[in-house]
Amino acid sequence: QPQKTGRGGNDEVSPFAASVKMRPKNMLVVGTGYAKGEEVGIRGRILMFEVSRQDNYVGDQLVSTFQVQLIAEKELKGPASSLAALEGYVLVGVGSKLEVYKLVEDDIVCCSFMFGEIYTTSLATMKNYVLCADMFKSVSFYFWRNRNKSMNFLSKGHESFETSAVEFLLFDTEMGVLAADLKGNFQLLHYSSDLDPDARGGTRLVPNGAIQVGSQVNALVRVRDFKNLADSNAAGRHVVLFATADGGIGAVIPLRESQTRLVSNMTNKLAPMLQLPRYAGLNPRSFHAFNSPN
């Protein structure tokens, strides 16, 4: 059972207390950041809400209403710049630190932390695997070990990349890392084994390709495409939706090698044709070329 210790009536939950699983209802976790002036550092909070649904009949029609109730909150020593769910825990990016929190009764307790790079801008999780995007130091790849509550480093991008968002890109048995930067670039990376000389012993995320979308991407969301699921044991194809700072919405869809060659050949044939309309006079090939941050 969780034990509470403290003095003067101010009880604090021990970080070694037994964890209690999240309530079986839907949970909503919000991270905040607020400034108190130039002389005091920026602080933040974690707010955990419980979402419940109530079904009522209005005449003969069923009407569903949702209620949100605050059940726990936690003060942080920095702004919560990013949040992600991690196998029943909450992973929070607080400046340069990665902190893992759990819910013990009605208290939020920090059970693990590690220091990242400079400033965490985005987090993405898939089972026990974690992607951490940094403002200046590209993307880092970690593995969460629940047995000893530790975050283990696997690999990272060695290129200078001002990453604004990151997400996993899955297609059957293949896994890639999709990263967006402040200059409107998408970069695709992959985790390779120790035998690959470009991976530098497996510690480097190897770049696979890049494209320019023309707008700064602020958020990435991965959605599974069930229509193209051939094997029930495979991951299938996952579509990554993105939102831009100027109000645009788009999608990144992984393709097979044969489909990629077909689309590339069609682009090479259609790009030189002056009869096709070009928005703002932009060349379709040079406009989408990778804009190097250097």
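Here, every reference points to the structure presented above.
**Topic: the overall build of the protein**
Here is step 1: A count of helical and extended segments in the protein gives one helix and 20 strands.
Here is step 2: Within the protein, buried positions represent 35% of all 294 residues.
Here is step 3: In the protein, of all internal contacts separated by at least 6 residues, the share reaching a separation of at least 24 is 47%.
Here is step 4: Summing over all exposed atoms, the protein offers an accessible surface of approximately 17,800 Å²; the carbon and sulfur share of this is 52%.

**Digging into the pairing of strand β15 (residues 174–181)**
Here is step 1: In terms of burial, β15 is largely enclosed, as six of its eight residues are buried.
Here is step 2: Pairing analysis gives four bridges linking β15 to strand β16 (residues 185–190), with the strands arranged antiparallel. Bridge pairing in β16 places A180 opposite F186.
Here is step 3: Counting the residues that bridge the hairpin from β15 to β16 gives three residues, and of these G184 lies at a positive phi of roughly 85°.

**Some thoughts on unusual backbone geometry**
Here is step 1: Non-glycine residue S138 carries a positive phi angle of around 60°.
Here is step 2: Relative to the assigned elements, S138 resides in the loop between β11 (129–134) and β12 (139–145).
Here is step 3: Here S138 falls in the buried class, since its relative accessible area comes to 2%.

**Quick word on the sheet that holds strand β7 (residues 89–94)**
Here is step 1: Sheet architecture is open: four strands sit in the order β6-β7-β8-β9, paired in antiparallel fashion. The sheet is open, and its two borders are formed by β6 (80–86) and β9 (107–115), each paired with just one other strand. Each neighbouring strand pair of the sheet contributes to a mean axis angle of 25°, computed without reference to strand direction.
Here is step 2: Examined bridge by bridge, β6 and β7 share six bridges and lie antiparallel to one another. Of the residues in β7, the one forming a bridge with S82 is G93.

**Some words on the sheet that holds strand β5 (residues 61–76)**
Here is step 1: One open sheet accounts for three strands, arranged β3-β4-β5; its pairing is antiparallel. Edge positions in the sheet fall to β3 (26–34) and β5, since each has one partner strand and no second. For this sheet, the mean inter-axis angle between neighbouring strands, taken without regard to orientation, is 25°.
Here is step 2: Bridge analysis of β3 against strand β4 (residues 43–58) gives nine bridges, and the strand direction is antiparallel. Across the sheet, residue M27 finds its bridge partner in β4, namely E50.

The rules we used
Residues numbered from 1 in each chain as written. Predicted model: local features only at pLDDT ≥ 70, side-chain atom pairs only at ≥ 80, totals over all residues. Heavy atoms only, no water. Helix = DSSP H or I, 4+ residues; strand = E, 2+ residues; numbered from the N terminus. Buried < 20%, exposed > 50% of the residue type's maximum accessible area, 1.4 Å probe, protein only. Contact = heavy atoms within 4.5 Å. Areas by Shrake-Rupley, 256 points an atom, 1.4 Å probe, with all protein chains shown as cover. Pairing = 2+ DSSP bridges. Axes fitted to C-alpha atoms, helices over the stretch in contact; angles between N-to-C directions.

In short, shape yes, function no, at least from these values alone.
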